[in-house]
Amino acid sequence: MSSFISPVRAGVAVLGLALLASTAAGAQEMSFVDDRGIAVTVPAGAKRVASVSYFAADVALALGIKPVATTYMVEGRNPDFLLDYLDDVPQIGQRATPNLELLAQAKPDVIVAMRRYTEGNAAQYQNIAPYLAYNLELFSDSDRSITQLATILGQPERAQQLNADFKKHIEEFAAQAPKDVHPRFQVMWGGDAPWTFYTENMTAAIVTALGGENIAGHNPTPHIPDNFGLEMSLEAMLAADPEVIFVYDYGPDRPHENNPIWQMLSAVKNNRVFYVGDEWVEAHGPIAREMVLREAAHYLYPDTFPMPDIRAEAAKIIPASVK
């Protein structure tokens, strides 16, 4: 566990130095380098954040700030881990295809998005407001992205506390997990050839930290950008035979279940396939990752950890003073 997290802490330290250097020049605006490697200038005192993906909404709510616009994962599905705070927030479409006209109408101070979905339209976003793009795939993306966005929103100390709390909670849950049980698991998108995530991916890393054994293993080519998973056939899944499967729930279309091999998997036979919510799909925010930690602990070790009440746990993180 410690050997996995220590590079992340080092990355956060480097980011902190970069932030100090970039914000020292003046009080009216600040410059930050996002995951494209581009310096983005944002106004000091920015509070109106538009969230293209749930990440920025997650961070903002943990800071006591309601976003001015957000995308959705599945239309009409409001994620429990963000409680009901997004009910009256303008919805601007799905995270990969947001409506830029609606985004502009929200008049954000800053737009925060997932890089792979929005980088191609960077100029259009930048014409609306300063636009920062984050990778939001690997475990190592979480702390540093939270730190940067919280600094933009004027609360770097809150980010430090949230990151320290998560590190502490992961260590506490790992210490309580059975030491002689290492369930084979898989984290996947559904499909004819399910997309399966390497251990460095955020959710797979959390499950691994709890003692699970990822059938996909580690990324064999970490030097290749955006290489965070692989297509895995049902035949390959059967050979690895995961005991627990986490499927990102993207609606009722589940073609993998139509393959007869699916019924042969141990996880399926033992009713240990879990269709998990939006907090698993976008797990890098301070609220989402805490929910994934608690859910994963229960699904791996149901006799040790109770099923968490997501709304009650989220309410412990989101300040009552959200506005």
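Residues numbered from 1 in each chain as written. Predicted model: local features only at pLDDT ≥ 70, side-chain atom pairs only at ≥ 80, totals over all residues. Heavy atoms only, no water.

Draft legend 1. Local environment of the sheet that holds strand 3 (residues 49-52). Taken together, five strands build an open sheet; the order of strands is 5-4-3-6-7 and the sheet is parallel. Both outer strands of the open sheet, strand 5 (91-94) and strand 7 (131-134), are each paired with one neighbouring strand and no more. Each neighbouring strand pair of the sheet contributes to a mean axis angle of 20°, computed without reference to strand direction. Helix 2 (residues 55-62) contacts strand 3, strand 4 (69-72), strand 6 (110-114) and strand 7 of the sheet and is inclined by roughly 140° relative to strand 3. (Pairing = 2+ DSSP bridges. Helix = DSSP H or I, 4+ residues; strand = E, 2+ residues; numbered from the N terminus. Axes fitted to C-alpha atoms, helices over the stretch in contact; angles between N-to-C directions. Contact = heavy atoms within 4.5 Å.)

Draft legend 2. Quick look at the environment of threonine 203. Looking at the element boundaries, threonine 203 is found in helix 8 (residues 202-209). Owing to a relative accessible area of 1%, threonine 203 belongs among the buried residues under this scheme. Apart from residues no more than four positions distant in its own chain, threonine 203 is found in contact with Val187, Tyr248, Trp280, Ala283 and Val292. In this structure the side chain of threonine 203 is engaged in a polar contact, spanning 2.7 Å, whose partner is the side chain of tyrosine 248. (Buried < 20%, exposed > 50% of the residue type's maximum accessible area, 1.4 Å probe, protein only. Polar contact = N/O pair within 3.5 Å; in protein donor to acceptor, adjacent residues only side chain to side chain.)

Draft legend 3. Focus on the packing of helix 2 against helix 12 (residues 286-300). Close contact between helix 2 and helix 12 brings their axes to 7 Å; oriented N to C, the two are set at 95°. In this view, helix 2 runs roughly perpendicular relative to helix 12, as classed from their interaxial angle. Contacts between helix 2 and helix 12 involve Asp58, Val59, Leu61 and Ala62 on the former and, on the latter, Pro286, Ile287 and Ala288. (Parallel < 35°, antiparallel > 145°, perpendicular 65-115°, else oblique.)

Draft legend 4. Region of the structure containing the environment of alanine 193. Position of alanine 193 relative to the elements: it lies in the loop between strand 8 (184-189) and strand 9 (195-197). Sequence separation between alanine 193 and methionine 237 is 44 residues; the distance between their C-alpha atoms is 9.8 Å. In contact with alanine 193, not counting residues within four places along its chain, are Glu231 and Met232.

Draft legend 5. View of the packing of aromatic side chains. Counted according to the given criterion, the structure contains 15 aromatic pairs. Pairing tyrosine 125 with tyrosine 131 gives two aromatic rings, centres 5.1 Å apart and planes at 15°, and the pair type is stacked. The interplanar angle of 90° and the centroid separation of 5.1 Å between the aromatic rings of tryptophan 189 and tyrosine 248 together place this pair among those described as edge-to-face. With tryptophan 189 in strand 8 and tyrosine 248 in strand 12 (residues 244-248), the pair connects residues that are 59 residues apart, well separated along the chain. Site record: aromatic cluster; members linked through ring pairs are Phe185, Phe246, Phe274, Trp280 and Tyr299. In this arrangement the basic side chain of arginine 254 is found over the ring face of tyrosine 275, its NZ or CZ atom lying 3.6 Å from the centre. (Phe/Tyr/Trp six-rings, centres within 6.5 Å; stacked < 30°, edge-to-face > 60°. Lys NZ or Arg CZ within 6 Å of the ring centre and 35° of its normal.)

Draft legend 6. Just the nonpolar core, in detail. Ranked by size, the top nonpolar core spans 52 residues in total, and within it Phe81, Leu82, Leu210, Phe246, Trp280 and Ile287 carry the most contacts. Examining the composition of this core, we find that nine residues originate from one element, helix 12, more than from any other. Counting residues in each nonpolar core, the second largest holds 24 residues, with Phe32, Leu63, Leu149 and Leu153 among its members. (Core = buried A, V, L, I, M, F, W, Y, C linked by side-chain atoms within 4.5 Å.)

Draft legend 7. Representation of the pairing of strand 3 within the structure. In strand 3, alternate side chains face the same way, and those of Val49 and Ser51 on one face and Ala50 and Val52 on the other are all buried. Two strands pair when backbone bridges link them, and strand 3 and strand 6 are joined in this way by four bridges, in the parallel orientation. Residue alanine 50 lies in a different strand from strand 6, and its bridge partner there is isoleucine 111. Where strand 3 lies against strand 4, two bridges are found, and the strand directions are parallel. By the bridge assignment, serine 51 is partnered in strand 4 with threonine 70. In this fold, the crossover linking strand 3 to strand 4 by way of helix 2 has right-handed handedness. (Right-handed = clockwise from strand over helix to strand, strands pointing away.)

Draft legend 8. How the structure looks around the confidence of the model for the protein. The predicted model of the protein has a mean per-residue pLDDT of 91, with 92% of residues at 70 or higher. Confidence over residues 1-26 falls short of pLDDT 50; this stretch has 24 contacts with residues more than four positions distant or in other chains. (pLDDT = per-residue confidence, 0-100.)

Draft legend 9. Seen up close, the pairing of strand 4. A two-sided burial pattern is seen for strand 4, the buried positions comprising Ala69 and Thr71 on one face and Thr70 and Tyr72 on the other. With two bridges connecting them, strand 4 and strand 5 associate as parallel partners. In the strand pairing of strand 5, tyrosine 72 is matched with glutamine 94.

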